[in-house]
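In case you want the letters, here they are:
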Amino acid sequence: MESSIEKKGDYYCYCTSLLSLPESILDCILKRLSPKELITISQVCTNLRVRCRSDHLWENHIKKKWGKVFGDVAYKEWQWHVTKSKEEKGNTFYQMIINGENDGSLGTFSGSWPMLCLGSYLIDSKNILSGQLLLSNSLMMMMALYISLENGKFWFPAQVYRELLVSNALVSYDSKTNTFQARQQMGGWRIIGNSIRWDKVRAPPNETSQCNIPHQLSDSLHHLRPGDHIEIQWKASTEVPYDWWYAVIGHLNSCKEDENCCGCQHSETLMVEFKQYHVESGMRKARLQRNKNGQQCENQCGIYGGIRKLQSEEEIHKWKQLFPPHHNQTPVPVYLPLNLRMHN
């Protein structure tokens, strides 16, 4: 590909090929291309094919489109599938959606039977994670990841906002509707939602947010004080996975709620208040122990796991959007068993 001069009517145009441009300028141009344009340009020649499939270009597109729903936990699952494929087949990968054999790849497992939790699932992994060697012997991991997300072949770990709670789930994208579907492991993989909007999906905040694992926050528990906004894990029994619930750290019953003499922050008892429920509801408050960092039961009202302090107004506002219009008049949620309601 060389430079040339062409006559256009009464004017002469100086045409320069992409490959004759300085490296920095060419890279800047490629960074401005959309995923579809990168795929198109990659078909021009071998040199541009290698450049357009470069990881750093596709990493930018993944962050831009998927950054809020695809986090570190999901990326580690993707790396698991790549490593597993290399170990089993000895191949590098890239060959997307060709000759579709429906071989799937299971992700990591956590927990113990019968609450064994699957971390992800990659459909058609044989074609996705096998194929051509590049001339440089490098992997086009980010491009394959982007396309796997775009075509819904990668069921990745995320969290879904549902009514008054957030559930851990595996989600898959539907490009036709620009929405997600979600599955949760509870006596088998069942669908917990279809046509889920982007604003109802988020990346797990940490690695221990998944399935049946209590979230650990040993240092932060001792710094919680009345007025702090938190997320807390809760489940009705040992046979079901944790969900996340919104709560606020409240004052102990013995406290007069006077800032000058309040000692709640220094008490080993932590009062957790669910203000989305009516003040007379059995679900309104729970008394937990700061020194028990893990599962706790309170008055046979289910099992509490870890606590995560909310750090931004955006997170708090997101939770409050889930509340019913007249939440202070809401007694006890109808979807909780009567024997699991909490008592003061």
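Calculation rules
- Residues numbered from 1 in each chain as written.
- Predicted model: local features only at pLDDT ≥ 70, side-chain atom pairs only at ≥ 80, totals over all residues.
- Heavy atoms only, no water.
- Helix = DSSP H or I, 4+ residues; strand = E, 2+ residues; numbered from the N terminus.
- Buried < 20%, exposed > 50% of the residue type's maximum accessible area, 1.4 Å probe, protein only.
- Phe/Tyr/Trp six-rings, centres within 6.5 Å; stacked < 30°, edge-to-face > 60°.
- Lys NZ or Arg CZ within 6 Å of the ring centre and 35° of its normal.
- Core = buried A, V, L, I, M, F, W, Y, C linked by side-chain atoms within 4.5 Å.
- Contact = heavy atoms within 4.5 Å.

Here we look at unusual backbone geometry
Unusually for a residue other than glycine, Glu163 sits at a positive phi of about 50°. Relative to the assigned elements, Glu163 resides in the loop between β7 (154–162) and β8 (165–174). Judged by relative accessible area, Glu163 falls into the exposed class, the value being 55%. Although it is not a glycine, Ser195 adopts a positive phi angle of roughly 50°. In this fold, Ser195 is placed in strand β10 (residues 189–196). Overall, Ser195 belongs to the exposed group, its relative accessible area being 54%.

Some points on the packing of aromatic side chains
If you walk through the whole model with that rule in mind, you get 15 aromatic pairs. Centroid distance Phe154 to Phe156: 6.2 Å. Interplanar angle 45°. Geometry classified as tilted. For Phe156, a relative accessible area of 1% corresponds to the buried category. Arranged with centres 6.1 Å apart and planes meeting at 75°, the rings of Tyr161 and Trp319 form a pair that is edge-to-face. Remark: Trp319 occurs in helix α9 (residues 313–320) and Tyr161 occurs in strand β7; sequence separation between them is 158 residues. Each member of the pair, Tyr161 as well as Trp319, carries the same accessibility label: buried. These aromatic residues form a ring-pair network of at least three members: Trp66, Tyr173, Phe180 and Trp198. The ring of Tyr242 has Lys235 sitting right over it, with the charged end atom 4.5 Å from the ring centre. Positioned above the aromatic ring of Tyr161 is the side chain of Lys318, whose terminal nitrogen or guanidinium carbon lies 5.2 Å from the ring centre.

Notes on the nonpolar core
As a rule of thumb, soluble globular proteins bury nonpolar side chains together. Ranked by internal contacts, the top residues of the largest apolar core, which has 35 residues, are Trp66, Phe156 and Phe180. Contributing elements (two or more residues each) for this core: α1 (23–31), α4 (55–66), α5 (72–89), α7 (141–150), β7, β8, β9 (179–185) and β10. The leading source of residues in this core is α7, at 8 residues. The contacts of Phe156, once residues within four sequence positions are left out, are Val69, Phe70, Ala74, Ser120, Leu149, Ala169, Leu170, Val171 and Phe180.

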